[in-house]
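Notes for the structure review
Spelled out from the first residue to the last, the chains are:
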Amino acid sequence: MNGVGFPAVNRLEIMERHWYNHNRDPYKNKNLFEDQLRRVSHIDEHVLFKAVELLAGEDVFPKIKKVLYHSMVLSPKTEVGTVDCNKCGSNGLIIGVVFIKDNINMDVVSYDHVPRPDGNYTTRIVGRCDCENGRAYELVNGNVMGKIVQPDQFLVNAAAKNGWDATFEANVAAQHFRDKADGIDRKGLSDGPLAQLINKLMGEASE
Ligand SMILES: [Zn+2]
């Protein structure tokens, strides 16, 4: 086998090679093969080829997770913070607001939520973003981070209005509900003077 350079092959051929490397006939287990093809469909062909080459020497037929893992390691594009994103703030994770009382979490899904003083408001990771940054977490199986989710709409709406991302808005919202629950009656940051000041400065900076 030619291990030098990159021959002109597509993902289908690379995955066929992967199976044949381990004496498996992809067309005798077509469902599994097709499932694997789907799971590598986003991987750059150069990267996939290298991953399959690396695994060619393994005695046991490597699970697809291993192919994905090697691809992630070999891929230059799975770092977080590679693209700007108004949903995850470029950290790849989607954040929600929760009310916690007696170790029970309740999701807060609206600014109309009536703040309660008998617990605490904080943020939590609800999944990973569908953007490039979120791909860094795609191999985190059996964990909430492995799941692609969208941020809550009230956070998206407020974030768009304020000119920042939904992750930052989740932190602003949690603070807002904490303040209200504590009887601190300053206007929520999202509508208040800070947002106005930031918008003003951003407007001036772009002029
Ligand atoms: Zn994102």
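Residues numbered from 1 in each chain as written. Predicted model: local features only at pLDDT ≥ 70, side-chain atom pairs only at ≥ 80, totals over all residues.

So, the overall build of the chain
The cut-off we apply is this: Strands here mean DSSP runs of E at least two residues long; helices mean DSSP runs of H or I at least four residues long; both are numbered from the N terminus. Backbone-placed C-beta atoms define the burial measure: a residue is buried with 20 or more other C-beta atoms within 10 Å of its own, exposed with 12 or fewer, and partly exposed in between. We call two residues in contact if the C-beta atoms placed from their backbones are at most 7 Å apart.
Scanning the chain for helices and strands turns up seven helices and three strands. Taken over 207 residues, the chain has a buried fraction of 29%. For the chain, the share of sequence-separated contacts (at least 6 apart) that also reach a separation of at least 24 residues comes to 59%.

Overview of the packing of helix α1 (residues 11-21) against helix α3 (residues 45-55)
The axes of two packed helices give the description: the angle between them and the distance between them. How we decide: The angle between two axes is taken between their N-to-C directions and runs from 0 to 180 degrees, where each axis is a line fitted to C-alpha atoms and a helix contributes only its stretch in contact. We call two directions roughly parallel when the angle between them is under 35 degrees, roughly antiparallel when it is over 145, roughly perpendicular when it lies between 65 and 115, and oblique otherwise. Put simply, Ala, Val, Leu, Ile, Met, Phe, Trp, Tyr, Cys and Pro go in the nonpolar bin, Asp, Glu, Lys and Arg in the charged bin, and everything else, Gly too, in the polar bin.
Running from N to C, α1 and α3 cross one another at 5°; their axes reach a closest spacing of 10 Å. One finds that α1 runs roughly parallel with respect to α3. For the pair formed by α1 and α3, the contact residues are R11, I14, R17 and H18 on the first element and E45, L48, F49 and V52 on the second. Looking at the contact of α1 with α3, its residues break down into four nonpolar, one polar and three charged.

Describing the packing of helix α5 (residues 153-162) against helix α6 (residues 166-181)
Orientation of α5 relative to α6, taken along the N-to-C sense of each, is 105°, at an axis distance of 8 Å. As summarised for this structure, α5 and α6 are arranged roughly perpendicular, according to the angle between their axes. When α5 is examined against α6, the residues L155, V156, A158, A159 and N162 are found in contact with a partner set consisting of A166, F168, E169, A170 and A173. A breakdown of the residues in the contact of α5 with α6 according to their chemical character gives eight nonpolar, one polar and one charged.

Remarks on the confidence of the model for the chain
Applicable threshold: Values of pLDDT, which run from 0 to 100, indicate the predictor's confidence residue by residue.
Summarising the model, the chain shows a mean pLDDT of 82, and 77% of its residues fall at 70 or more. Here helix α7 (residues 193-205) stands out as the element of the chain with the lowest mean pLDDT, 60, in contrast to α5, whose mean of 95 is the highest.

A few points about the sheet that holds strand β3 (residues 120-128)
Definition in use: Two strands pair under a simple rule: DSSP has to find at least two bridges between them.
Spatially, three strands are ordered β2-β1-β3 in an open sheet, and the strand pairing comes out antiparallel. Whereas interior strands pair on both sides, the edge strands pair on one side only; in this sheet they are β2 (104-108) and β3. Strand-to-strand twist of the sheet, defined as the mean angle between neighbouring strand axes without regard to direction, takes the value 45°. By the bridge criterion, five bridges tie strand β1 (residues 93-101) to β2 in an arrangement that is antiparallel.

Quick look at the nonpolar core
Applicable threshold: Note on definitions: a nonpolar core is a set of buried residues drawn from Ala, Val, Leu, Ile, Met, Phe, Trp, Tyr and Cys, linked by C-beta atoms within 7 Å.
Ranked by size, the top nonpolar core spans 25 residues in total, and within it L93, I94, V97, L155, A170, A173 and A174 carry the most contacts. Excluding anything up to four places from it in sequence, V97 contacts V108, Y121, T123, A170, A173 and A174. By size, the runner-up hydrophobic cluster in this structure holds 11 residues, among which are I14, M15, V47 and V52.

Some remarks on the environment of F168
Among the secondary structure elements, F168 is positioned in helix α6. F168 sits in the partly exposed class, given 16 other C-beta atoms within 10 Å. Between the alpha carbons of F168 and K87 there is a distance of 9.1 Å; along the sequence they are 81 residues apart. The contacts of F168, once residues within four sequence positions are left out, are G89 and A159.

Some details on the environment of V109
Note on placement: V109 falls in the loop between β2 and β3. For V109, a count of 13 C-beta atoms within 10 Å corresponds to the partly exposed category. C-alpha separation for the pair V109 and L155, spaced 46 residues apart in sequence, amounts to 8.3 Å. Once residues lying within four places of it in the same chain are set aside, the contact partners of V109 are D152 and F154.

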